[in-house]
Amino acid sequence: MPFLNELKWRGLLHQTAGDGIEAHLATPGRVAYAGFDPTSTSLTIGNYIPIKMLAHWQRAGHRPIVLMGGGTGLIGDPSGKTAERQLLSREQVQANVEAQQRVFERVLDFSGSWAAHIVDNADWLCRLGFVEVLRDVGKHFSVNQMIHRESVASRLENREQGISFTEFSYMILQAYDFVHLHRESNCTVQLGGSDQFGNIVSGIDLIRRMCGAESWGVTAPLVTRADGGKIGKTEQGAVWLTAEHTSPFAFHQYWLNTTDADVVRYLRWFTFLSRERIEELEAAHGAAPHERSAQRALADHMTELLHGSTELSRVQAAAAALFGGDVRELDDRTLREVFAEAPHSAGSRHELDGEGLDLVELLASTTLCTSKREAREFLGNGSIQLNGERVAAGRRVTAADLLHGRLVLLRRGKKHWHAVE
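The structure presented is a predicted model; accordingly, all values stated were derived computationally and were not measured.

Rules used throughout
Residues numbered from 1 in each chain as written. Predicted model: local features only at pLDDT ≥ 70, side-chain atom pairs only at ≥ 80, totals over all residues. Heavy atoms only, no water. Helix = DSSP H or I, 4+ residues; strand = E, 2+ residues; numbered from the N terminus. Buried < 20%, exposed > 50% of the residue type's maximum accessible area, 1.4 Å probe, protein only. Contact = heavy atoms within 4.5 Å. Areas by Shrake-Rupley, 256 points an atom, 1.4 Å probe, with all protein chains shown as cover. Lys, Arg positive; Asp, Glu negative; His and termini not counted. Charge placed at Lys NZ, Arg CZ, Asp CG, Glu CD. Patch = residues over 30% accessible without salt bridge, like charges linked within 9 Å, V, L, I, M, F, W, Y side chains within 5 Å. Salt bridge = Lys/Arg side-chain N within 4 Å of Asp/Glu carboxyl O. Pairing = 2+ DSSP bridges. Expected span 1.5 Å × (residues − 1). Axes fitted to C-alpha atoms, helices over the stretch in contact; angles between N-to-C directions. Phe/Tyr/Trp six-rings, centres within 6.5 Å; stacked < 30°, edge-to-face > 60°. Lys NZ or Arg CZ within 6 Å of the ring centre and 35° of its normal.

Draft legend 1. Region of interest: the overall build of the protein. Scanning the protein from terminus to terminus reveals 19 helices and 15 strands. Projected onto its principal axes, the C-alpha coordinates of the protein cover approximately 85 × 50 × 40 Å. Counting the 421 residues in the protein, one finds 50% classified as buried. A sequence separation of at least 24 residues applies to 73% of the contacts in the protein between residues at least 6 apart. Working note: accessible area of the protein is about 20100 Å², and carbon and sulfur atoms make up 49% of it. Across the protein, the mean location of the 45 positive side-chain charges is 2 Å away from that of the 52 negative side-chain charges.

Structure below.
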């Protein structure tokens, strides 16, 4: 499917910049780039949509460029920020650039006719001289227009925060990135979120002025939940695309917990499932939403895409064990991931010596019970499980009950867990 048509039906096309983009894209092998800010060692779900735009670009028969902001990351993009960013050291920015690259390898193809490749704008921006930028690039920018850009105007209106000359100059550097890639790689299109539209237009204008050539831009809308909230935000913080920041299990659970109001849109926005498959899932979800087949397809697809099939199988087994209570079969790493967000408490190993610790006393010290009386009541009606096995009053906990020599898992009913380490 042509690139723009693919974005349209998925709800990922916000606007285009430049006349005649459809005719330009009719020729295969066009080159586009999207830029990524190296403020961390990983990227979040919020950064995923521009990566996916590059993937759709590649699948439509064009060549994608991932631009890592090793140079612009030293400055800081003011877009969407109400205050000045903390400047990172060159060493930290470079470390973040190197760490983020593995994410792109999960989504893009770095081989074949339309192989993706990664560039770092530090390679050219850090070699530019200050006077050179002012004379050859800055002369093409109108301050009158720059101060009316939303990213700048909002900061100027808030006089307490304001904006430094450093961040004010960011759009000049981003525009020059487009010029450089146009000259070196015949790049004619920039992709990004709707918040980058002003910066993209600046690049198009700079290419026209410095190179006498046409270029184009394509932006995706700001994707939000049905209730207007930001996607990828949880009570525990951001949802990341790499395992050391968000475990594969937590990542899978995030998508699995998608609301009925959001799930079909998420399938279009985030997955690479075909239109026919998504329409099948939409119909199945409409007929039997309680079966959550759309949520399972979403969670499985996203987890396999970002973490691989082996990790998907592992988290599916973990979820089945968690639901069924058969947690003894889980390895130590999986146990840590599964119960990372569950209520925890610590106990003394010496209490498990000899006859062990009365389960009533242990339960009363957890979030599952408020008193020993309540603990006896729950044990009496059979609602308590120890390591997945139903237990009764009089049960004592010994060292033999420790999973992987360190952990006891208690469960009340179907959903309430507590881990004692």
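This is not the end of the story, as more comes after the structure.
Draft legend 2. A look at a nonpolar patch on the surface. Together, Phe130, Val131, Leu134 and Phe165 make up an exposed nonpolar region whose accessible area comes to about 470 Å². For the nonpolar patch, the element with the most residues is helix α6 (residues 130–137), which contributes 3 residues. Of note, valine 131 is situated in helix α6.

Draft legend 3. Highlighting the sheet that holds strand β14 (residues 408–412). Overall, mixed pairing links the 5 strands, which are arranged β9-β15-β14-β11-β12 in an open sheet. Of all the strands in the sheet, the pair left with one neighbour each is β9 (344–345) and β12 (389–390). As paired strands, β14 and strand β15 (residues 416–420) are joined by 5 bridges and run antiparallel to one another. Along β15, the bridge assignment pairs leucine 409 with alanine 419.

Draft legend 4. Main features of helix α3 (residues 48–59). The end-to-end C-alpha separation of α3 is 17 Å, in line with the 16 Å expected for 12 residues at 1.5 Å each. Here α3 has its buried residues at Tyr48, Ile49, Pro50, Ile51, Lys52, Met53, Leu54, Ala55, His56, Trp57 and Gln58. Glycine 61, located one to two residues past α3, shows a positive phi value of around 95°.

Draft legend 5. Main features of the sheet that holds strand β5 (residues 189–193). If you trace the 6 strands from one edge of the open sheet to the other, you get β1-β6-β5-β2-β3-β4, paired in mixed fashion. Bordering the open sheet on either side are β1 (15–17) and β4 (117–120), each of which pairs with just one other strand. Adjacent strand axes in the sheet meet at a mean angle of 25°, parallel and antiparallel pairs treated alike. Of the pairings in the sheet, the one linking strand β3 (residues 63–68) to β4 comprises 4 bridges and is parallel in character. Looking at β4, one finds that leucine 67 is bridged to valine 119. Those strands touched by α3 are β2 (31–36), β3, β5 and β6 (216–220), and its axis lies near 165° from that of β2.

Draft legend 6. Molecular detail of the pattern of salt bridges. If you walk through the whole model with that rule in mind, you get 21 salt bridges. A salt bridge links glutamate 282 to arginine 268; the shortest N-O distance between them is 3.5 Å. Here glutamate 282, found in helix α14 (residues 275–287), pairs with arginine 268, found in helix α13 (residues 263–270); they are 14 residues apart in sequence, far enough to count as distant. Relative accessible area serves as the criterion here: at 23%, arginine 268 is assigned to the partly exposed category. Between arginine 328 and glutamate 389 there is a salt bridge whose closest N-O contact spans 3.5 Å. Of this pair, arginine 328 sits in the loop between α16 (309–324) and α17 (332–338) while glutamate 389 is found in strand β12, placing the two residues 61 residues apart along the sequence.

Draft legend 7. Structural context of the packing of aromatic side chains. In this structure the tally under the stated criterion is 12 aromatic pairs. Here the aromatic rings of phenylalanine 36 and phenylalanine 104 are separated by 4.8 Å at their centres, their planes lie at 65°, and the arrangement is edge-to-face. With phenylalanine 36 in strand β2 and phenylalanine 104 in helix α4 (residues 90–107), the pair connects residues that are 68 residues apart, well separated along the chain. Residue phenylalanine 36 shares its accessibility class with phenylalanine 104, and that shared class is buried. Clustering of aromatic rings is evident, with ring pairs tying together Tyr48, Phe251, Tyr254, Trp255, Tyr266, Trp269 and Phe270. In this structure, lysine 52 is placed above the aromatic ring of phenylalanine 272, and the distance from its NZ or CZ to the ring centre is 4.9 Å. Between the NZ or CZ atom of arginine 412 and the centre of the ring of phenylalanine 378, over which it lies, the distance is 5.1 Å.

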